[in-house]
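Commentary on secondary and tertiary structure
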Amino acid sequence: MTDGEKNAFRLEPGLGGETISIYERIIKKIYGKERGEEVVDLIYTSPAAVIPTLLTRLKQKDDEWKKAQKEWNKQWREQDLKNYYKSLDYQCNSFKTNDRKIFSMKSMIAEVEMQKQFTFQPTDFVILKDVVHLTLYYLQRQHSFTKHDQKRIRHFLYTFIPAFFHFKPNLFENQFKETDSETQSDEPSEELSEEQISAEHESGSETQTSVKETNAKQDSVAKPTILQFDIIERKLDEDKFFCNVQFYSFFRTFQILYERLYKLKYINDNYPERLKKTLNKTAVDLSLYSNRFDDIDLSNGHYNALVKMIERFIDGDLDQATFEENVRYIFGIDAYIVFTIDRVLHFFVKQIQTIVLDKNSNQLMKSNLESADESPERCL
């Protein structure tokens with residue numbers, strides 16, 4: 001084709017195809033709307049001069065876009081994995097909303113007024129131990145409680161729970177000695193005795209007085225509640241404990257923590273096939289496998305991995321979103337019940353703090369410990 005023929009050559013809109021929208025849209029995307037319209041007009045009027053340069057530009061942008069797409073595919077793939085596990089979790093949002101309502105004194109009082117009697121049947125000592133362990137673990141990493149209050153809360157956990165459930169007296173203290181040593185390194189090693197606790201209440205500090213006034217108002221609303229505990233391997237069928245609102249809130253929160261952990265441990269022990277993770281061979285071959293959960297150690301079981309994950313969450317190593325993703329990966333659609341574990345533990349510790357600062361609650365605790373001494377000990 002001569003130069004004259006090239007200059008005289010023209011192209012019809014559509015370039016021989018059915019539509020003009022495809023190539024016009026791409027050209028305008030590269031050059032912009034105004035400049036793109038000029039380029040499209042030049043394609044029709046001067047194709048011999050414009051098309052070679054345009055093709056070079058299109059090939060260049062095609063290579064750039066393919067490279068960018070390859071990089072973005074990695075991020076899109078990870079986001080897709082996040083959305084996959086999250087899309088299955090249809091109960092999370094409503095659960096969090098309801099959880100905020102449950103853990104308030106107003107809700108606790110309303111609950112006890114409705115049912116009058118509360119029954120708790122713990123059957124798994126491992127879960128009881130883990131509840132105490134996570135409570136101590138949370139307490140050690142909180143700065144909102146004074147060292148004095150922390151020591152009294154630990155003393156309560158070490159003495160009251162083993163005595164109430166008829167375990168060996170120093171069971172928890174011996175098991176958690178290493179875990180507790182970090183916090184106690186800056187404190188006197190001597191634990192508070194029952195006589196010291198009673199003596200402190202007799203002194204009547206301002207803080208205790210304000211707590212007593214609050215408790216008096218709450219006690220006037222709620223009547224004494226009977227708590228019944230059916231403990232396995234016990235000669236006695238049940239324990240009855242007449243308590244105030246503070247003790248009811250303590251036992252109710254204890255039960256919630258126990259039941260949530262128990263459910264996940266039960267799934268781990270009885271339905272391991274539900275938790276089995278399988279790799280897609282094709283995804284591995286194409287390097288599409290995401291290794292974002294490879295740091296989760298499932299060799300000791302999914303439940304133990306969950307406990308370790310909660311510890312990391314309490315330590316601050318994981319933010320809320322990452323914690324939820326990791327727990328979803330471990331337990332799937334059943335994981336939502338531990339998303340608020342930090343709030344539950346905080347409420348639990350606050351109830352223990354209220355008990356140890358309240359004289360009436362301490363008298364109830366002392367009476368129960370004295371009656372527990374007459375019951376047979378459960379050897380574990």
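Going along each chain's sequence as written, the residues are numbered from 1 onward. Given that this is a predicted model, residues contribute local features only at a pLDDT of at least 70 and side-chain atom pairs are listed and counted only at 80 or more, while totals for whole chains, interfaces and linings are drawn from all residues. Calculated side-chain values reflect all of the structure's heavy atoms, with hydrogen atoms and water omitted.

Overview of the overall build of the protein
Scanning the protein for helices and strands turns up 19 helices and 3 strands. Accessibility here uses a 1.4 Å probe with only protein chains present; expressed as a share of the type maximum, an area under 20% marks a residue as buried, one over 50% as exposed, and anything in between as partly exposed. For the protein, the proportion of its 380 residues judged to be buried stands at 42%. Throughout, a residue-residue contact means that at least one pair of heavy atoms, one from each residue, lies within 4.5 Å. Within the protein, counting contacts between residues at least 6 apart in sequence, those at least 24 apart form 77% of the total. Exposure was quantified through the Shrake-Rupley algorithm and a 1.4 Å probe, taking into account, for residues, occlusion by the shown protein chains and nothing else. As displayed, the protein has an accessible area near 21700 Å², and 50% of this comes from carbon and sulfur atoms. By definition, any uninterrupted DSSP run of H or I lasting at least four residues is a helix, any uninterrupted run of E lasting at least two residues is a strand, and each is numbered from the N terminus.

Regarding the nonpolar core
In these notes, a set of buried Ala, Val, Leu, Ile, Met, Phe, Trp, Tyr and Cys residues joined through side-chain atoms within 4.5 Å is what counts as a nonpolar core. Formed by 76 residues in total, the largest nonpolar core has its most connected members in Phe 156, Phe 160, Ile 161, Phe 172, Phe 247, Phe 250 and Phe 254. Top element by residues in this core is helix H13 (residues 245–270). It accounts for 11 residues. Other than its neighbours up to four places away in sequence, Phe 156 contacts Ile 161, Phe 247, Phe 250, Ile 352, Ile 355, Val 356 and Met 365. Counting 8 residues, the second largest nonpolar core, distinct from the first, contains Tyr 23, Val 39, Val 40 and Leu 54.

Describing helix H16 (residues 302–315)
Expected helix span is computed as 1.5 Å times (number of residues minus one). A rise of 1.5 Å per residue sets the reference length of H16, with its 14 residues, at 20 Å; its end C-alpha atoms lie 20 Å apart and thus fit the reference within 8%. Most of H16 is tucked away: 10 of the 14 residues are buried. Close packing links the buried residues of H16 with helix H7 (125–140), H13, helix H14 (272–275), helix H17 (320–331) and helix H18 (341–357). One or two steps after H16, the chain reaches Gly 316, where phi turns positive at roughly 90 degrees.

Considerations on the packing of H13 against H18
Note on geometry: axes are lines fitted to C-alpha atoms, helical ones only across the stretch in contact, with angles between N-to-C directions running from 0 to 180 degrees. It is the contact of H13 with H18, at a shortest axis distance of 9 Å, that shows an interaxial angle of 150 degrees. Classed by the angle they form, the pair H13 and H18 counts as roughly antiparallel. Viewed along their axes, H13 and H18 form a crossing whose handedness is left-handed. Here Gln 246, Phe 247, Ser 249, Phe 250, Thr 253, Phe 254, Leu 257 and Arg 260 of H13 lie close against H18, whose contacting residues are Ile 341, Val 344, Leu 345, Phe 347, Phe 348, Gln 351, Ile 352, Thr 354 and Ile 355. When describing relative orientation, an angle under 35 degrees is termed roughly parallel and one over 145 degrees roughly antiparallel, while 65 to 115 degrees is termed roughly perpendicular and anything else oblique. We call a crossing left-handed when the near helix sits turned anticlockwise from the far one by less than a right angle, and right-handed when that turn is clockwise.

Structural notes on the side chain of Asn 244
On the secondary structure map, Asn 244 appears in the loop between strand S3 (239–243) and H13. In this structure Asn 244 comes out as buried when scored by relative accessible area, which is 9%. We define a polar contact as two N or O atoms separated by no more than 3.5 Å, with the added condition that, inside protein, one atom must be a possible hydrogen donor and the other a possible acceptor, whereas residues neighbouring each other in sequence contribute only through side-chain atom pairs. Polar side-chain contacts of Asn 244 include one of 3.1 Å to the side chain of Gln 246. A polar side-chain atom of Asn 244 sits 3.0 Å from the main-chain amide nitrogen of Phe 247.

Considerations on the confidence of the model for the protein
What pLDDT reports is the predictor's confidence in each residue, on a scale of 0 through 100. Looking at the protein as a whole, the pLDDT averages 77, with 76% of positions reaching at least 70. Residue range residues 185–195 is modelled with pLDDT below 50. Its contacts to residues more than four positions away, or to other chains, number 22 contacts. Residue range residues 375–380 is modelled with pLDDT below 50. Its contacts to residues more than four positions away, or to other chains, number 23 contacts.

Observations concerning H17
Taking 1.5 Å of rise per residue, the 12 residues of H17 would be expected to cover 16 Å, and the 16 Å separating its terminal C-alpha atoms lies within 8% of that figure. For H17, the tally of buried residues reaches 9 of 12 residues, placing the bulk of the element in the interior. Taken together, the buried positions of H17 are Phe 323, Glu 324, Glu 325, Asn 326, Val 327, Arg 328, Tyr 329, Ile 330 and Phe 331. Buried residues belonging to H17 abut helix H4 (47–88), helix H5 (92–102), H13, H14, H16 and H18.

Some remarks on the pattern of salt bridges
By definition, a salt bridge exists where a carboxyl oxygen of Asp or Glu is found within 4 Å of a side-chain nitrogen of Lys or Arg. Inspection of every chain in the model, using the stated rule, returns 11 salt bridges. With a shortest N-O distance of 2.8 Å, Glu 38 and Arg 35 are connected by a salt bridge. Placement of the pair is Glu 38 and Arg 35 together in helix H3 (residues 33–45), with a separation of 3 residues, close to one helical turn. You can call Glu 38 partly exposed: its relative accessible area is 42%. A salt bridge links Glu 324 to Arg 328; the nearest nitrogen and oxygen atoms lie 3.6 Å apart.

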